[in-house]
Amino acid sequence: MLVHVAALSFLFFSVQSFTIKDSLKKFNRHSGNTPADEDYSVSTLIERANVNVGKNQNEPLVMFGDIAIPTGLQNADACTRDRCRWPKAMDGFVYVPYRISRAYSGRERQTIVNGLRSFAASTCVRFTPLNGQRDFVDIQSLSGCYSFVGRRGRGQVVSLSRQGCVFRQVIQHELLHALGFNHEQTRSDRDRHVRILFQNVISGMESNFIRLDTRNLGTPYDYTSVMHYGRFAFSKNGQPTIIPIPNGNAVIGQANRMSPIDIRRVNLLYDCRMYLRPNPANNS
Ligand SMILES: [Zn+2]
């Protein structure tokens with residue numbers, strides 16, 4: 001099967017700093033639809049932690065909020081066919097070696113390890129300590145939360161800054177990037193499920209909302225995906241940047257862990273047959 005999860009356009013935008021405006025009208029306080037309600041949504045955590053991303057020249061170029069872009073490579077596709085998938089072993093598991101920087105405290109390290117282990121509970125992905133393998137995930141506390149999309153070859157940085165990224169939902173989000181997944185709101189069919197209000201997006205941050213040519217693996221669009229940004233992501237004025245359609249009040253981007261569809265996608269992409277069960281939602 002041709003698997004082409006992510007095609008990134010090589011448009012270069014500089015990542016700019018921003019703050020989330022707090023002085024906003026407090027409407028529908030408990031609906032999950034106000035900026036205040038999104039304090040711990042995955043996209044709010046990542047936005048906050050990434051204010052300094054792009055300022056350190058030793059770090060990769062970061063676009064789409066938290067996706068590291070390989071530079072110096074000719075290939076315009078970050079993730080073509082099977083090249084960016086992690087290989088499956090003969091026993092049916094997908095072993096992804098990892099190394100965790102010594103910069104973390106014991107508690108932070110345990111949170112990260114727990115995030116890595118959470119994949120083993122419901123998928124055939126097994127993050128295992130690096131033991132001489134060539135390709136691995138190199139978890140470091142750099143200037144924000146970010147990851148490359150898919151396997152890049154050799155040690156690939158997943159940055160989980162001690163300042164704001166060591167949370168389960170952020171760890172799962174960045175590792176899903178490393179496994180080959182893009183943001184839900186950039187899906188090829190997103191315009192049927194969300195409307196992007198570019199007029200409210202911080203200048204220079206529009207690249208976060210570019211629609212990509214993704215393979216969606218027959219799974220439905222998922223507002224509860226840990227890969228979905230919140231309603232006010234990258235807002236310059238406190239007004240929404242993403243509105244779900246047709247129900248504008250649907251809660252989006254509030255996941256604090258992988259959704260059942262996130263899990264199903266991992267199992268579909270990696271053909272984890274022993275973990276695939278009939279899909280409770282309609283395939284589309
Ligand atoms: Zn992301």
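Quick summary incoming for the structure in this document. (Residues numbered from 1 in each chain as written. Predicted model: local features only at pLDDT ≥ 70, side-chain atom pairs only at ≥ 80, totals over all residues. Heavy atoms only, no water.)

**Here we look at empty space enclosed by the protein**
Then step 1. One pass over the structure, following the stated rule, counts three cavities of 30 Å³ or more.
Then step 2. Estimates place the volume of the largest cavity at around 160 Å³.
Then step 3. Looking at the lining of the largest cavity element by element, the count peaks at three residues for helix 4 (residues 260-269).
Then step 4. Here the residues of the lining of the largest cavity are counted per class, giving six nonpolar, five polar and five charged. (1 Å grid on protein atoms, 1.4 Å probe; cavity = no way out; pocket = protein on both sides within 12 Å on 5 of 7 lines; lining within 4 Å. Points joined across faces, edges and corners; volume = space filled by probe spheres on them. Helix = DSSP H or I, 4+ residues; strand = E, 2+ residues; numbered from the N terminus. Nonpolar A, V, L, I, M, F, W, Y, C, P; charged D, E, K, R; others polar.)

**As for the coordination of the zinc ion**
Then step 1. For the zinc ion, every protein donor is listed as Asp66 (OD), Asp66 (OD), His173 (NE2), His177 (NE2) and His183 (NE2), and the spread of their distances is 2.0 to 2.2 Å.
Then step 2. On the primary sequence, the residues serving as donors to the zinc ion are separated as D-x106-H-x3-H-x5-H. Within this pair, whereas aspartate 66 is found in the loop between strand 1 (61-63) and strand 2 (67-69), its partner histidine 177 is found in helix 3 (residues 168-179), the two being separated by 111 residues in sequence.
Then step 3. For histidine 177, a relative accessible area of 0% gives the class buried. (Donors = N, O, S within 2.8 Å, 3.2 Å for Na, K, Ca; no water. Buried < 20%, exposed > 50% of the residue type's maximum accessible area, 1.4 Å probe, protein only.)

**Topic: the packing of aromatic side chains**
Then step 1. For the structure shown, the criterion picks out six aromatic pairs.
Then step 2. Taking 6.2 Å as the distance between ring centres and 85° as the angle between the ring planes, the aromatic pair formed by phenylalanine 209 and phenylalanine 234 counts as edge-to-face. Here phenylalanine 209 is found in the loop between strand 8 (194-196) and strand 9 (242-244), whereas its partner phenylalanine 234 is found in the loop between strand 8 and strand 9, with 25 residues between them in sequence. Residues phenylalanine 209 and phenylalanine 234 agree in their burial class; the two are buried.
Then step 3. Aromatic side chains tyrosine 229 and phenylalanine 234 sit 5.6 Å apart centroid to centroid with 40° between the ring planes, which places their arrangement in the tilted category.
Then step 4. On the basis of relative accessibility, which here comes to 0%, the residue tyrosine 229 falls in the buried class.
Then step 5. Look at phenylalanine 234 and you get buried, because its relative accessible area is 3%.
Then step 6. A connected cluster of aromatic rings, assembled from ring pairs, spans Phe198, Phe209, Tyr229 and Phe234. (Phe/Tyr/Trp six-rings, centres within 6.5 Å; stacked < 30°, edge-to-face > 60°.)

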